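Fold and contact review
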Amino acid sequence: MQLGVTIPMSTQPVCKYPEMARAAEDAGFDTVWDFELYENPLVILAAAAMCTQRIKLGTAVATAFSRTPFELANAAADVNDLSGGRLVLGLGTGIPDLMTTLHGAPIDRPVSRMREYVQALKLCWNYMADESPAAFDGEFYRFNTPPFNPLGSRELKRHIPLLLGGMNPKMIQLAGELGDGLVGGGYSRNYVSEVVLPNLAKGAERSGRDVKELATATQVICSVSTDRDEAIRRARIHVGQLVANPVQDGIVAAHGLQKEVDDVRQALARGGPAALGDVTDDKLVETFAIAGSPEEGRAQLQQWESLIGHVMLHTPYVPPLSPDEIEDAYHQILAAFARSAANT
């Protein structure tokens, strides 16, 4: 199993993110990931590429519908070249509320839109690779190469792994059909075995591929510390925010945890995020997080080893956690799960 860590986006000065990536490389992690809230994740990874040498750089995820396929293809190619081929592009639909309020982007029929987006994105990359004429005329997206190229070659030098984000079965199937694999978040171990892997295999079968050829990666909230009580408090806050989102309802129901989630939502309505450190039930933390002392965290990570190819330890970063607490949570992860460079 490969091991990665997520940079806690939108919580630190931007100049700290490349330093965090370098610290993950120094700790022997296989990958470091960012994700899209406000900062552009590819800009952050471009900066990280310039101060790291080995570690792979991933987006978990960059949003598709807020930018054109060609814009994303071009930016990803830049980061991949800067890093010497270390980019892993995780691509998702984005948070629906943010897509509409901040970007004015359409979000209806997300599976159909994402199918076309990926087809157009790949066509853009093919064009960059060999400059062969290409055209795509879909319902949502269009891509046509000019009759001549006045600016010269913009060659894509290396293949960029494309992982598609998915929570529901249809989007997971699309990842299996069109992507190099799946990038997820908010999964439980049972959800991976009972929903994610079967649907990924179903999608792979559509395109005549063996699911074993596909990458699987997921974020798992991780809060570890030599101060165990503080680690659990941080985990409760982030898990509470996670399960309050209706997108988690299917997984919550499958685990019989609806009452615990109702308690979280009521506490949020009454007291805001500060209440989550007290009200989020231990059963929710055990289902959706790795949490506790460093020794407990390492033991819990082993429970994921037979399920998923790549675990991203997801740093707690949501309010009311302070920037200093969030930075500490990140470095506690690095210290607890550090790997010798000789073993990577």
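Structure's up top.
Conventions adopted
Residues numbered from 1 in each chain as written. Predicted model: local features only at pLDDT ≥ 70, side-chain atom pairs only at ≥ 80, totals over all residues. Heavy atoms only, no water. Salt bridge = Lys/Arg side-chain N within 4 Å of Asp/Glu carboxyl O. Helix = DSSP H or I, 4+ residues; strand = E, 2+ residues; numbered from the N terminus. Buried < 20%, exposed > 50% of the residue type's maximum accessible area, 1.4 Å probe, protein only. Axes fitted to C-alpha atoms, helices over the stretch in contact; angles between N-to-C directions. Parallel < 35°, antiparallel > 145°, perpendicular 65-115°, else oblique. Left-handed = near helix turned anticlockwise from the far one by under 90°. Contact = heavy atoms within 4.5 Å. Nonpolar A, V, L, I, M, F, W, Y, C, P; charged D, E, K, R; others polar. Polar contact = N/O pair within 3.5 Å; in protein donor to acceptor, adjacent residues only side chain to side chain. Core = buried A, V, L, I, M, F, W, Y, C linked by side-chain atoms within 4.5 Å. Right-handed = clockwise from strand over helix to strand, strands pointing away. Pairing = 2+ DSSP bridges.

This model, assessed by the stated rule, comprises 20 salt bridges. A salt bridge links Lys 157 to Asp 81; the shortest N-O distance between them is 3.7 Å. Note that Lys 157 is positioned in the loop between strand E6 (142–144) and strand E7 (162–165) and Asp 81 in helix H3 (residues 69–82), a separation of 76 residues in sequence. Note on Lys 157: relative accessible area 56%, which makes it exposed. In this structure, the salt-bridge partner of Glu 177 is Arg 115, at a minimum N-O distance of 2.9 Å.

This part is about the packing of helix H6 (residues 169–178) against helix H7 (residues 189–206). Their axes nearest at 6 Å, the elements H6 and H7 cross at an angle of 45 degrees. Compared by their axis directions, H6 and H7 come out oblique. Like other packed secondary-structure pairs, H6 and H7 cross with a definite hand, here right-handed. Of H7, the residues touching H6 (which contributes Pro 169, Ile 172, Gln 173, Ala 175, Gly 176 and Glu 177) are Val 195, Val 196, Asn 199, Leu 200, Lys 202, Gly 203, Ala 204 and Arg 206. Class assignment for the residues of the contact of H6 with H7 results in seven nonpolar, four polar and three charged.

A few words now on the side chain of Thr 59. Here Thr 59 lies in strand E3 (residues 56–63). Look at Thr 59 and you get buried, because its relative accessible area is 0%. Looking at Thr 59, its side chain comes within polar contact range of the main-chain oxygen of Gly 90, at 2.8 Å. When near neighbours in sequence (up to four residues on either side) are disregarded, Thr 59 contacts Trp 33, Asp 34, Pro 41, Leu 42, Leu 45, Val 88, Leu 89 and Gly 90.

Here we take up the nonpolar core. By size, the foremost hydrophobic cluster in this structure holds 105 residues, and its most contacted members are Phe 29, Leu 91, Trp 125, Leu 313 and Phe 337. In terms of residue count, the dominant contributor to this core is helix H5 (residues 110–130) (nine residues). Core analysis: the next-biggest nonpolar cluster, separate from the first, contains seven residues, Leu 163, Val 183, Ala 217 and Met 312 among them.

On to unusual backbone geometry. Looking along the chain, the bond that leaves Ala 60 and enters Val 61 is cis, with omega of 10 degrees. Topologically, Val 61 is positioned in strand E3. Cis geometry is adopted by the peptide bond preceding Pro 320, which originates at Pro 319 and carries an omega value of 10 degrees. Phi is positive for Ser 10, which is not a glycine, with a value near 65 degrees. Following the sequence through the fold, Ser 10 ends up in the loop between strand E1 (2–6) and helix H1 (16–26). Residue classification places Ser 10 among the partly exposed positions, given a relative accessible area of 31%.

Attention now moves to the pairing of strand E8 (residues 181–185). In terms of residue burial, E8 counts as a mostly covered element, since four of its five residues are buried. The handedness of the E7 to E8 crossover, carried by H6, is right-handed. Relative to strand E9 (residues 215–224), E8 runs parallel, the two being bridged by five bridges. Among the inter-strand pairings, Gly 184 is bridged to a residue of E9, identified as Thr 218.

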